[in-house]
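Residue-level listing of the chains:
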Amino acid sequence: MDLIKAAMQDVVLGQDFLTWLWFRSEKNGWLFSMPGSGEFNVFLEQRISVRGGSGDNVEKAVVTGPHAEFTEAKLGLRNGKLVDKALVRIERDGATWMVLLASDDFSLSGLKTPKIETKLEEGDDPDAPFLEKMMLLEQCMEFVDELYRQFLEVRLSTNWLDELRVFRAWLAEQ
Amino acid sequence: MGILATSGSFTRYAVMEDLTGQLASELPERLAKFSFRDIDQTTDERSYGWVCLEDWLDSFWRTAPPEKAHYMTFSLRLDTRRIPPAVIKKHFLLAIKAEKEAMKETGKSFISKDRKEELKDQVMLKLRARFLPIPAVFDAVWNLRSNQVLLATTNSKIKTMFEEYFLLSFGLNLEQLTPYFMARRIVDQSRHAMLDDLEPSPFAAP
């Protein structure tokens with residue numbers, strides 16, 4: 001596939017994924033599970049943006065706020081817009097990751113991992129802070145990959161139309 | 001943006017070719033070969049190359065080796081001389097004035113297009129000697145087990161530069177893990193055609 005066509009499919013997959021993630025996290029009570037690694041929580045909060053239209057007619061609504069209900073963003077969904085960026089908070093065993101996920105290229109902006117100890121004591125491995133940070137960064141990517149895997153499983157199955165029906169019922173409740 | 005910073009922005013890549021044992025052993029050597037060269041004492045407009053992750057002033061990995069467990073670490077340093085357009089304009093006008101002054105003695109007043117270009121080049125060269133390059137550094141970590149690379153930026157120009165320089169340095173292509181390419185790695189090959197034909201879902205309306 002050429003890169004232009006791939007970029008078009010990036011938008012389709014990325015926006016469907018983030019829109020699904022918003023709804024699915026709420027429906028699941030913000031709980032997801034990863035085979036072999038247990039459960040983790042996923043919250044979409046503080047910042048979400050929705051986008052609709054194409055070319056010169058692109059319209060975007062960015063909704064932010066510490067306790068935002070995202071009413072405007074949900075209104076956007078009802079008008080056919082889809083999520084194109086979302087601030088995602090992931091929690092597991094008291095540890096928290098925050099990342100602004102972009103639908104078009106899955107870039108990870110402002111990724112915050114749980115804090116690491118950067119001060120070294122005598123005899124410590126000088127690479128220890130780096131290795132701990134990498135473990136935390138890769139954990140965050142594993143969470144995102146797992147969520148995306150779960151999305152693809154339903155998106156490419158015959159159950160997708162049922163999932164959309166549940167989505168519409170969720171949207172109507174808001 | 002440093003990998004160790006509290007918050008950072010990242011782009012993910014997969015290396016498209018397999019990493020052979022031979023190449024893996026050559027990586028430090030290749031990093032050194034394509035390391036950053038300082039241009040403070042030159043008039044070059046731009047320079048870029050690899051530096052030590054722990055110390056971006058170190059192009060020789062004296063501070064720490066690039067290998068850390070199963071990771072290869074390095075940073076892309078880019079130094080650019082940026083001269084404000086207004087400064088260029090001013091000094092070009094001064095050069096034109098000086099040229100006309102000098103031409104008075106010969107009775108001529110017309111400056112050809114070629115001569116103007118020449119004057120502009122001279123002005124740029126003089127100005128570049130007076131402006132220090134502005135450094136920028138972007139950390140990269142290559143997980144040699146998963147053969148994936150994490151680059152600490154989402155800037156598209158830097159991404160392109162990184163991808164090209166990575167290819168030049170190691171002879172390996174990078175594939176950014178965007179939704180489409182990520183999906184191709186996750187789902188079974190039998191469903192790849194489905195990914196190509198997907199259309200946006202009608203979330204709002206049946």
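Residues numbered from 1 in each chain as written. Chains lettered and ligands numbered in written order. Predicted model: local features only at pLDDT ≥ 70, side-chain atom pairs only at ≥ 80, totals over all residues. Heavy atoms only, no water.

Examining the overall build of chain B
Assigned secondary structure in chain B consists of 6 helices and 7 strands. When the elements of chain B are put in sequence order from the N terminus, they spell out β-α-β-β-β-α-α-β-β-α-β-α-α. By the compact-globule yardstick of 17 Å for 206 residues, chain B is too spread out, its C-alpha radius of gyration being 24 Å. Taking the principal axes of the C-alpha coordinates as reference, chain B spans close to 80 × 55 × 35 Å. Buried residues in chain B amount to 44% of all 206 residues. (Helix = DSSP H or I, 4+ residues; strand = E, 2+ residues; numbered from the N terminus. Rg over C-alpha atoms; globule rule 2.2 N^0.38 Å. Buried < 20%, exposed > 50% of the residue type's maximum accessible area, 1.4 Å probe, protein only.)

Observations regarding the interface of chain A and chain B
If you look at the interface, chain A gives 48 residues, while chain B gives 45 residues. Summed over both sides, the interface between chain A and chain B buries roughly 3900 Å², with carbon and sulfur atoms accounting for 67% of that surface. Contact with chain B buries surface across chain A, with A:Phe130, A:Leu156 and A:Arg168 losing the most and accounting together for 17% of the total. Taken together, chain A and chain B are joined by 3 salt bridges. Across the pair B:Lys68 and A:Asp127 runs a salt bridge whose closest N-O atoms are separated by 3.7 Å. At the junction of chain A and chain B, the tally comes to 21 residue pairs in polar contact (both at pLDDT 80 or more). Residue contributions to the side of chain A that touches chain B peak at 14 residues, all from helix 3 (residues 128-155) of chain A. (Contact = heavy atoms within 4.5 Å. Buried area = accessible area lost by both parts, 1.4 Å probe. Salt bridge = Lys/Arg side-chain N within 4 Å of Asp/Glu carboxyl O. Polar contact = N/O pair within 3.5 Å; in protein donor to acceptor, adjacent residues only side chain to side chain.)

A few points about the environment of B:Tyr71
Positionally, B:Tyr71 belongs in strand 4 (residues 71-80). Setting aside residues no more than four positions away along its own chain, B:Tyr71 makes contact with A:Phe130, A:Leu131, A:Met134, A:Glu138, B:Pro66, B:Val141, B:Trp142 and B:Asn143. Only 2.8 Å separates the side chain of B:Tyr71 from the side chain of A:Glu138, close enough to count as a polar contact.

Some remarks on the pairing of strand 5 (residues 95-102) of chain A
Residues and elements named next belong to chain A. Counting buried positions along strand 5 yields 6 of 8 residues, so the element is predominantly enclosed. Across 8 bridges, strand 4 (residues 82-92) lies against strand 5 in antiparallel orientation. Following the sheet pairing, Ala86 is matched in strand 5 by Leu101. Between the end of strand 4 and the start of strand 5, which pair antiparallel, lie 2 residues, with Asp93 showing a positive phi angle near 50°. (Pairing = 2+ DSSP bridges.)

A few points about the packing of aromatic side chains
All names here are of chain A. Applying the stated criterion to the full structure yields 33 aromatic pairs over all chains. Geometrically, the ring pair formed by Phe17 and Tyr148 is edge-to-face, given 5.1 Å between the ring centres and 75° between the ring planes. Taken together, the positions of Phe17 in helix 1 (residues 3-27) and Tyr148 in helix 3 put the pair 131 residues apart, joining distant regions of the chain. On the basis of relative accessibility, which here comes to 0%, the residue Phe17 falls in the buried class. (Phe/Tyr/Trp six-rings, centres within 6.5 Å; stacked < 30°, edge-to-face > 60°.)

A closer look at a negative patch on the surface
On the surface, A:Glu117, A:Glu121, A:Asp124, A:Asp125 and A:Glu132 cluster together into a negatively charged patch. As for its position among the elements, A:Asp125 is in the loop between strand 6 (108-112) and helix 3. (Patch = residues over 30% accessible without salt bridge, like charges linked within 9 Å, V, L, I, M, F, W, Y side chains within 5 Å. Areas by Shrake-Rupley, 256 points an atom, 1.4 Å probe, with all protein chains shown as cover. Lys, Arg positive; Asp, Glu negative; His and termini not counted. Charge placed at Lys NZ, Arg CZ, Asp CG, Glu CD.)

Brief notes about the pairing of strand 1 (residues 7-15) of chain B
Taking burial as the measure, the 9 residues of strand 1 of chain B include 7 buried ones, the bulk of the element. Relative to strand 1 of chain B, strand 6 of chain A runs antiparallel, the two being bridged by 3 bridges. In the strand pairing of strand 1 of chain B, A:Leu111 is matched with B:Gly8. Across 4 bridges, strand 1 of chain B lies against strand 6 (residues 148-151) of chain B in antiparallel orientation. When the sheet's bridge partners are listed, B:Tyr13 is paired in strand 6 of chain B with B:Val149. Here strand 1 of chain B pairs with strand 7 (residues 174-176) of chain B via 3 bridges, running antiparallel. Across the sheet, the residue bridging to B:Tyr13 is B:Gln176, located in strand 7 of chain B.

Points about the confidence of the model for chain B
Scored by pLDDT, chain B comes out at a mean of 94, with 99% of its residues at no less than 70. Interface confidence for the predicted complex, expressed as ipTM, amounts to 0.93; the pTM equals 0.91. (pLDDT = per-residue confidence, 0-100.)

What about the pattern of salt bridges?
Residues and elements named next belong to chain B. Under the definition given, this model contains 24 salt bridges over all chains. Measuring nitrogen to oxygen at the nearest pair gives 2.9 Å for the salt bridge that ties Arg30 to Glu26. Note that Arg30 and Glu26 are positioned in helix 1 (residues 21-33) at a spacing of 4 residues, about one turn of the helix. One salt bridge connects Glu101 with Lys104, and the closest N-O pair in it is separated by 3.6 Å. Taken together, the positions of Glu101 and Lys104, both in helix 2 (residues 85-104) and 3 residues apart, correspond to about one turn of that helix. Given a relative accessible area of 59%, Lys104 falls into the exposed group.

With respect to the packing of helix 1 of chain A against helix 2 (residues 71-78) of chain A
Residue and element names in this part refer to chain A. In contact at an axis separation of 12 Å, helix 1 and helix 2 are set at 120° when each is read in the N-to-C sense. It follows from the interaxial angle that helix 1 and helix 2 lie oblique. In this structure, helix 1 crosses over helix 2, and the sense of that crossing is left-handed. Together, Thr19, Trp22 and Glu26 of helix 1 and Ala73, Lys74 and Leu77 of helix 2 make up the contact between the two elements. When grouped by side-chain class, the residues that make up the contact of helix 1 with helix 2 number 3 nonpolar, 1 polar and 2 charged. (Axes fitted to C-alpha atoms, helices over the stretch in contact; angles between N-to-C directions. Parallel < 35°, antiparallel > 145°, perpendicular 65-115°, else oblique. Left-handed = near helix turned anticlockwise from the far one by under 90°. Nonpolar A, V, L, I, M, F, W, Y, C, P; charged D, E, K, R; others polar.)

With respect to the side chain of B:Lys68
One can find B:Lys68 in strand 3 (residues 67-68). Apart from residues lying up to four places away in sequence, B:Lys68 is in contact with A:Asp127, A:Phe130, A:Leu131, B:Leu53, B:Glu54 and B:Thr73.

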